[in-house]
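Analysis of the macromolecular model
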Amino acid sequence: MNSLLSVCDVKDDVLDIIKLANDFKNGKIEKEPLKDQKLAMIFQKSSTRTRVSFEVGMYELGGTALFLSTNDIQLGRGEPIKDTAKVLSRFVDAIMIRANKHEDVVEFAKEADIPVINGLTDIEHPCQAFADMLTIYEHKGDFNRKLTFIGDGNNVSNSLLLICACLGMDFAIACPKGYEPKEDIVRKGKEIAKKTGSEIIITSDLKIALKDADAVYTDVWVSMGDEKEAEKRNNDFIKYQVNSNLMKLAKDDAIFMHCLPAIRGKEVTSDVIDGEQSVIYDEAENRLHAQKAILYYYLKK
Ligand code: CP
Ligand code: NVA
């Protein structure tokens with residue numbers, strides 16, 4: 001069964017999905033295309049945007065969504081992933097999962113008879129990346145651009161690296177040594193980039209990363225699941241705070257992006273995230289349009 005576990009799973013269709021999201025946003029898709037279809041949404045971690053965008057999205061597509069926190073379903077008491085996936089496959093048309101471990105979502109997808117969508121794991125956040133690319137398209141008009149991520153080589157930056165590679169966009173990440181994206185992600189991204197012509201830069205040097213950047217992106221230093229390392233991380237990332245001096249190293253008209261939730265005063269200062277260059281609420285809104293495009297792509301018969 002086709003599933004969206006990684007941006008790589010749809011690497012040849014990335015642009016089509018973004019166009020579809022743009023069409024949804026502009027009211028160009030027929031009404032209720034997924035009438036009566038059902039989405040199960042399993043959450044092992046907290047969420048505002050992912051939960052609400054999938055739930056509202058499914059409603060607007062004519063279907064319905066079920067919110068299943070692992071505290072409430074038997075999975076949280078140790079029911080095997082296999083049995084949960086097989087049983088849900090008899091009730092609903094697709095499963096969206098936000099999970100602690102990426103490998104659990106991979107197992108879900110293997111066992112399910114319906115599409116499984118990754119709503120964030122420790123390794124990737126593909127749904128966020130689609131919303132982000134729609135946002136860049138809206139603000140910049142094309143993908144002949146450079147996105148610079150400042151901070152942790154985490155789930156969000158991994159998916160951004162891959163989606164930029166798919167679109168032929170240049171991607172740079174500036175991070176402290178030891179916080180680089182996973183080797184496997186970099187290897188896959190560079191393989192795709194060879195064909196599309198994008199440049200991928202992994203560096204600890206802020207100036208190199210930010211040179212000619214059209215979009216400056218950051219995310220929390222302490223992701224969900226990293227709480228035990230909070231003190232060390234908050235020290236290690238201090239020089240990588242996105243503030244007005246750092247923004248000056250990018251292009252004058254660069255936009256500022258953040259997947260949210262953000263911690264003002266840590267990874268970004270208030271003047272930047274609440275300033276004129278910031279597009280954070282467009283990005284958040286675009287989760288809805290991107291989620292509808294992804295659901296349509298997988299479920300439209
Ligand atoms: N950006 C994002 O995924 O937000 P939530 O954690 O609120 O879903
Ligand atoms: N990197 C963050 C993203 C939250 C949307 C986390 O995993 O907590």
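Here the structure is shown first, and the text comes after it.
Now for a look at the structure at hand. Bear in mind that the values here come from a model prediction, so they are computed numbers and not experimental data.

**What about the environment of D212?**
- Among the secondary structure elements, D212 is positioned in the loop between α8 (206-210) and β8 (215-218).
- Here the alpha-carbon distance between D212 and D252, two residues 40 residues apart in the chain, equals 9.0 Å.
- Filtering out sequence-adjacent residues up to four positions away, D212 remains in contact with K146 and K251.
- Engagement of the side chain of D212 in a polar contact is seen with the side chain of K211, the distance being 3.5 Å.

**Re the environment of K188**
- On the secondary structure map, K188 appears in helix α7 (residues 183-196).
- Look at K188 and you get partly exposed, because its relative accessible area is 30%.
- When residues no more than four places from it in sequence are discounted, the contact partners of K188 are C8 and L162.

**Remarks on the packing of aromatic side chains**
- One pass over the structure, following the stated rule, counts 7 aromatic pairs.
- Look at F24 and Y296: their rings are 5.5 Å apart centre to centre, the planes differ by 80°, and that puts the pair in the edge-to-face class. Of this pair, F24 sits in helix α1 (residues 14-25) while Y296 is found in helix α12 (residues 280-299), placing the two residues 272 residues apart along the sequence. Just as F24 is buried, Y296 falls in that class too.
- Following the ring pairs from residue to residue traces out a cluster consisting of Y179, W221 and F237.
- Just above the ring of F67 sits the side chain of R51; from NZ or CZ to the centre is 3.6 Å.

**Quick word on the site of ligand 2**
- Taken together, the residues surrounding ligand 2 are L120, N154, N155, V156, D219, V220, S223, M224 and L260.
- In the environment of ligand 2, a nitrogen atom lies 2.6 Å from a nitrogen or oxygen atom belonging to the side chain of D219.
- Within the contact set of ligand 2, a nitrogen atom lies 2.7 Å away from a side-chain nitrogen or oxygen of S223.
- Protein contact buries 95% of the 270 Å² of open area that ligand 2 shows by itself.
- Split by residue class, the shell around ligand 2 holds 5 nonpolar, 3 polar and 1 charged.

**Focus on the site of ligand 1**
- For ligand 1, the full set of nearby residues is S47, T48, R49, T50, R98, H125, Q128, C259, L260 and R287.
- The separation between an oxygen atom of ligand 1 and a polar side-chain atom of T50 is 2.7 Å.
- Within the contact set of ligand 1, an oxygen atom lies 2.8 Å away from a side-chain nitrogen or oxygen of R98.

**Description of helix α4 (residues 102-111)**
- For α4, the set of buried residues is H102, V105, F108, A109 and E111.
- If you follow the buried residues of α4, they end up packed against β1 (38-43), α3 (81-91), β3 (94-98) and β4 (116-118).

**Some points on the nonpolar core**
- One finds M133 and L147 to be the most contacted residues of the largest nonpolar core, which totals 88 residues.
- Of the residues forming this core, the biggest block, 9 residues, is contributed by helix α6 (residues 155-167).
- If sequence neighbours within four positions are ignored, M133 has contacts with I18, F143, L147, L160, I163, C164, L167 and M169.
- In this structure, L68, I73, L88 and V116 belong to the second largest nonpolar core, which totals 19 residues.

**A short note on the pattern of salt bridges**
- Tallied over the entire structure, the rule returns 22 salt bridges.
- Note that K35 is salt-bridged to E32, the shortest N-O span being 3.7 Å.
- The class for E32 is partly exposed, based on a relative accessible area of 40%.
- Put simply, D184 and R187 hold a salt bridge, and the shortest N to O gap is 2.6 Å. Here R187 and D184 lie together in helix α7, a separation of 3 residues that amounts to about one turn.

**Some thoughts on the sheet that holds β1**
- Spatially, the 4 strands line up as an open sheet ordered β2-β1-β3-β4, and their pairing is parallel. Because the sheet does not close on itself, it has two edges, and the strands there are β2 (64-69) and β4. Taking the axes of each pair of neighbouring strands and ignoring which way they run, one obtains an average angle of 20° across the sheet.
- One ladder, built from 5 bridges, connects β1 with β3; its direction is parallel. Counted as the bridge partner of I42 is I97 from β3.
- Of the strands in this sheet, β1, β2, β3 and β4 are in contact with helix α2 (residues 49-60), which crosses β1 at around 170°.
- The strands touched by α3 within the sheet are β1, β2 and β3, with β1 carrying the most contacts at an inclination of about 150°.

Calculation criteria
Residues numbered from 1 in each chain as written. Chains lettered and ligands numbered in written order. Predicted model: local features only at pLDDT ≥ 70, side-chain atom pairs only at ≥ 80, totals over all residues. Heavy atoms only, no water. Helix = DSSP H or I, 4+ residues; strand = E, 2+ residues; numbered from the N terminus. Contact = heavy atoms within 4.5 Å. Polar contact = N/O pair within 3.5 Å; in protein donor to acceptor, adjacent residues only side chain to side chain. Buried < 20%, exposed > 50% of the residue type's maximum accessible area, 1.4 Å probe, protein only. Phe/Tyr/Trp six-rings, centres within 6.5 Å; stacked < 30°, edge-to-face > 60°. Lys NZ or Arg CZ within 6 Å of the ring centre and 35° of its normal. Near = heavy atom within 4 Å. Areas by Shrake-Rupley, 256 points an atom, 1.4 Å probe, with all protein chains shown as cover. Nonpolar A, V, L, I, M, F, W, Y, C, P; charged D, E, K, R; others polar. Core = buried A, V, L, I, M, F, W, Y, C linked by side-chain atoms within 4.5 Å. Salt bridge = Lys/Arg side-chain N within 4 Å of Asp/Glu carboxyl O. Pairing = 2+ DSSP bridges. Axes fitted to C-alpha atoms, helices over the stretch in contact; angles between N-to-C directions.

That is the geometry; function is a separate question.
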